[in-house]
Amino acid sequence: KADCRAYKASLLAAPSNRALSKDGKLSPVSVKKLLGICATIYRYGVGQGYLEVNPFDGITRVVRGDAANDVRRLPYDSADLTAIFASPEFSMLTGARRFVPLIALYSGCRAEEVAGLRVQDIRHESDIHFFDFVPTSERRLKNVASQARTPIHPELLRLGLLDYVASVPKGGRLFPEIQPGSHGRLVSAFSKWFARFVDKRGVSDPRKVGLHSLRHLFKDRCRAAGLSEELHDAL
């Protein structure tokens, strides 16, 4: 139990990768998630008879500061989008570095979902091009709702997405240059690259966190366009 408390204390003192909370430390949500993972492993051990009690019981509750005043992740604004996507540097990008951010921007999907797309997942039926997001051996989806057919935005078609798809060998992933990291996630290294790219374009607000802020932006733009919550959740 003392070791578990010490581990919790070390997490509360640990810096976040991009200062996601106002004190520059791991957010309470992240700390609780990591403690919950440990608790789950030990719960399995108890269930299998390897030990009698779960030392993480009672350790996973995290309270730090006033939750109402926590600094939350923010979407990019119009000036940010101009700085990122209208930059000469972005116009020179190809492959995953060009299309992963654009797909995230125009579809609102998670970065791991984009990175795991296969060529066969770009489909066409009844004059509609769409992404067929399904779980694969390399990339799971976060939940059942993530398995969906998402229409491809006309702007992605105008920007040459289908030409890119045609240039990639059939039967493999759409972005073969993206390789799994040490924890098996496809997008870890790519997300870090995009965060650095955005910083260099002058978008350095730590509350705007790389590819995930594109997802927040998509939701905000859907609301501003008057789409029902049910519709933009489905998208």
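Just so it is clear, the model here is predicted, and its values are computed rather than measured.

Draft legend 1. Inspection of the pairing of strand β3 (residues 148-151) at higher detail. Taking every second residue as pointing to the same face, the buried face of β3 carries A148 and T150, while none of R149 and P151 on the other face is buried. Relative to β3, strand β2 (residues 128-133) runs antiparallel, the two being bridged by four bridges. Bridge pairing in β3 places F130 opposite P151.

Draft legend 2. A look at helix α9 (residues 188-200). The end-to-end C-alpha distance of α9 is 19 Å, a good match for the 18 Å that 13 residues give at a rise of 1.5 Å each. Listed as buried for α9 are F190, W193, F194, A195, F197 and V198. Tucked into the core, α9 has its buried residues touching α3 (78-85), α4 (88-91), α5 (95-107) and α10 (211-224). Note on α9: the residue one or two positions beyond its end, G202, has a positive phi of about 90°.

Draft legend 3. Highlighting α10. Taking 1.5 Å of rise per residue, the 14 residues of α10 would be expected to cover 20 Å, and the 20 Å separating its terminal C-alpha atoms lies within 8% of that figure. All of the buried residues along α10 are L211, S213, L214, L217, F218 and C222. As for α10, its buried residues are in contact with α3, α5, α6 (111-115), α9 and α11 (229-234). G226 sits one or two residues past α10 and shows a positive phi near 85°.

Draft legend 4. Focus on the sheet that holds β3. Taken in spatial order, the three strands of this open sheet run β1-β2-β3, and their pairing is antiparallel. The sheet is open, and its two edges are formed by β1 (122-125) and β3, each paired on a single side. Strand-to-strand twist in this sheet, taken as the mean axis angle between neighbours without regard to direction, amounts to 40°.

About the criteria used
As a convention, each chain's residues are numbered from 1 in the sequence order in which they are written. Two thresholds apply to this predicted model, a pLDDT of at least 70 for residue-level local features and 80 or more for giving and counting side-chain atom pairs, whereas whole-chain, interface and lining totals are computed over all residues. Water and hydrogen atoms play no part in the side-chain values, which are based on all heavy atoms of the structure. Here the term buried applies to any residue with accessible area under 20% of the maximum for its type, exposed to any over 50%, and partly exposed to those in between, with areas from a 1.4 Å probe on protein chains only. Secondary structure elements follow DSSP: runs of H or I of four or more residues count as helices, runs of E of two or more count as strands, with numbering from the N terminus. Whether two strands pair depends on DSSP finding at least two bridges between them. What a helix should span is 1.5 Å times the count of its residues minus one. Note on contacts: a residue pair is in contact if any heavy atoms of the two residues lie within 4.5 Å. Fitted lines through C-alpha atoms give the axes, limited to the stretch in contact for helices. The angle between two N-to-C directions lies from 0 to 180 degrees.

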